[in-house]
Amino acid sequence: MFDPELESFKTSIDLRAYAARQGYVLDAKESWRGSAVMRHANGDKIIISRKPDGHYTFFSVRSDQDSGTIIDFIQKRTGVSLGAIRKELGAWLGAPPAMALPHLPELPRTAKDREAVQARYASMTVAHRHPYLENERAIPALALQYWRFESRIKIDRHSNAVFPHFDSEGLCGYELRNAGFKGFASGGTKGLWLSKTISADRRLVICESSIDAISFAVLFPDGHARYASIGGKLSPAQPDLIRSQIDLLPQGGEIVAAMDSDDAGRQLAEAIEKSFSASGRADLTFRRQEPKGFKDWNDLLCTRRGPSTVTCSQPEARPA
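This text gives an overview of the structure that appears in the document.

Each value, and the rule that gives it
Residues numbered from 1 in each chain as written. Predicted model: local features only at pLDDT ≥ 70, side-chain atom pairs only at ≥ 80, totals over all residues. Heavy atoms only, no water. Phe/Tyr/Trp six-rings, centres within 6.5 Å; stacked < 30°, edge-to-face > 60°. Helix = DSSP H or I, 4+ residues; strand = E, 2+ residues; numbered from the N terminus. Buried < 20%, exposed > 50% of the residue type's maximum accessible area, 1.4 Å probe, protein only. Lys NZ or Arg CZ within 6 Å of the ring centre and 35° of its normal. Pairing = 2+ DSSP bridges. Polar contact = N/O pair within 3.5 Å; in protein donor to acceptor, adjacent residues only side chain to side chain.

**Considering the packing of aromatic side chains**
Here is step 1 of the chain: For the coordinates displayed, the defined rule picks out 14 aromatic pairs.
Here is step 2 of the chain: Measuring from ring centre to ring centre gives 5.3 Å for F58 and F73, while their planes differ by 90°; the resulting arrangement is edge-to-face. Of this pair, F58 sits in strand β4 (residues 56–60) while F73 sits in helix α3 (residues 70–78), and the two are 15 residues apart along the sequence.
Here is step 3 of the chain: Aromatic side chains Y146 and W147 sit 5.9 Å apart centroid to centroid with 55° between the ring planes, which places their arrangement in the tilted category.
Here is step 4 of the chain: When its relative accessible area of 3% is taken as the criterion, Y146 is described as buried.
Here is step 5 of the chain: We classify W147 as buried; its relative accessible area is 3%.
Here is step 6 of the chain: Here the aromatic residues Y146, W147, F149, F163, W193 and Y227 are joined through ring pairs into a cluster of three or more.
Here is step 7 of the chain: Sitting above the plane of the Y121 ring, K154 keeps its charged end 4.3 Å from the centroid.

This is the structure in structure tokens:
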């Protein structure tokens, strides 16, 4: 039965602000435009988003049963009656207490499939080590632990390497890679896999795959380069996403289309150059780079397995 008062609580009260009042702290590094990650000193980690109907909703990575609206959030943590919840939230709407978070940008409404993708990804473990990537792809553990790729490589319960994709609203999907296996998040959409960035970056390297991008970083250490991957063939949305990343480069920067050394790779490099031209950034430069004599950058890295492949150059500044 529709209850106007409860509906108002679910849509009018920003669950992020309420959770902050209960001791949860925003994790800005893991949050995206469409979802907010918040942590409590007791070890709880919740992800908050908004559904198409405007409801602020959450789920806890500790339990599949700990999820729902602000009503569920309070009940599962206090066990108080619905009447007590009505009284507290009614007072909150009438005279909100001082907010623990000084600034809360608008949280866009998120489709159900995206919310499910984000929930699954949030439950995965950051891959500081990964047998498949290290043993079969020659990617050194130090590269997996390099701050550029922090939280950009995870491992799921099937031991797959997981590479998140982002669009203008945040996490939208993820690639799955393992020996003899390639997959993509059910219900997810392709965006761009992106490394961490800093304001001192001067170069954007775009590769066909996340593994190639990490391989390129190992082969050509550059403390002022950020990395992106399209994850194979271009989707209709990706040229605009690439242009958005180009727009973020500081003046005088460079875009490197580091595609595979074949006809398909050259066609992709041409498409990226078109995105560069469409950006209108005359202050930036563009160049192509191919792994001469090898199909892709990981093939090249695999031939150089050894001590020379285990370092990544780090810039003077790291992200805050």
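Having put the structure on the table, let's press on.
**Notes on the sheet that holds strand β10 (residues 181–184)**
Here is step 1 of the chain: Pairing in this open sheet of 5 strands is antiparallel, and the strands run β6-β7-β8-β9-β10 from one edge to the other. At either margin of the open sheet sits one strand with a lone partner, and together these are β6 (125–126) and β10.
Here is step 2 of the chain: When β6 meets strand β7 (residues 154–155), the two strands line up antiparallel, connected through 2 bridges. Bridge pairing in β7 places T125 opposite I155.

**Considering the environment of R120**
Here is step 1 of the chain: Here R120 shows up in helix α5 (residues 112–122).
Here is step 2 of the chain: Once the C-alpha coordinates of R120 and V61 are considered, the two residues, 59 residues apart in sequence, prove to be 8.8 Å apart.
Here is step 3 of the chain: A distance of 2.9 Å separates the side chain of R120 from the side chain of Y174, its partner in a polar contact.

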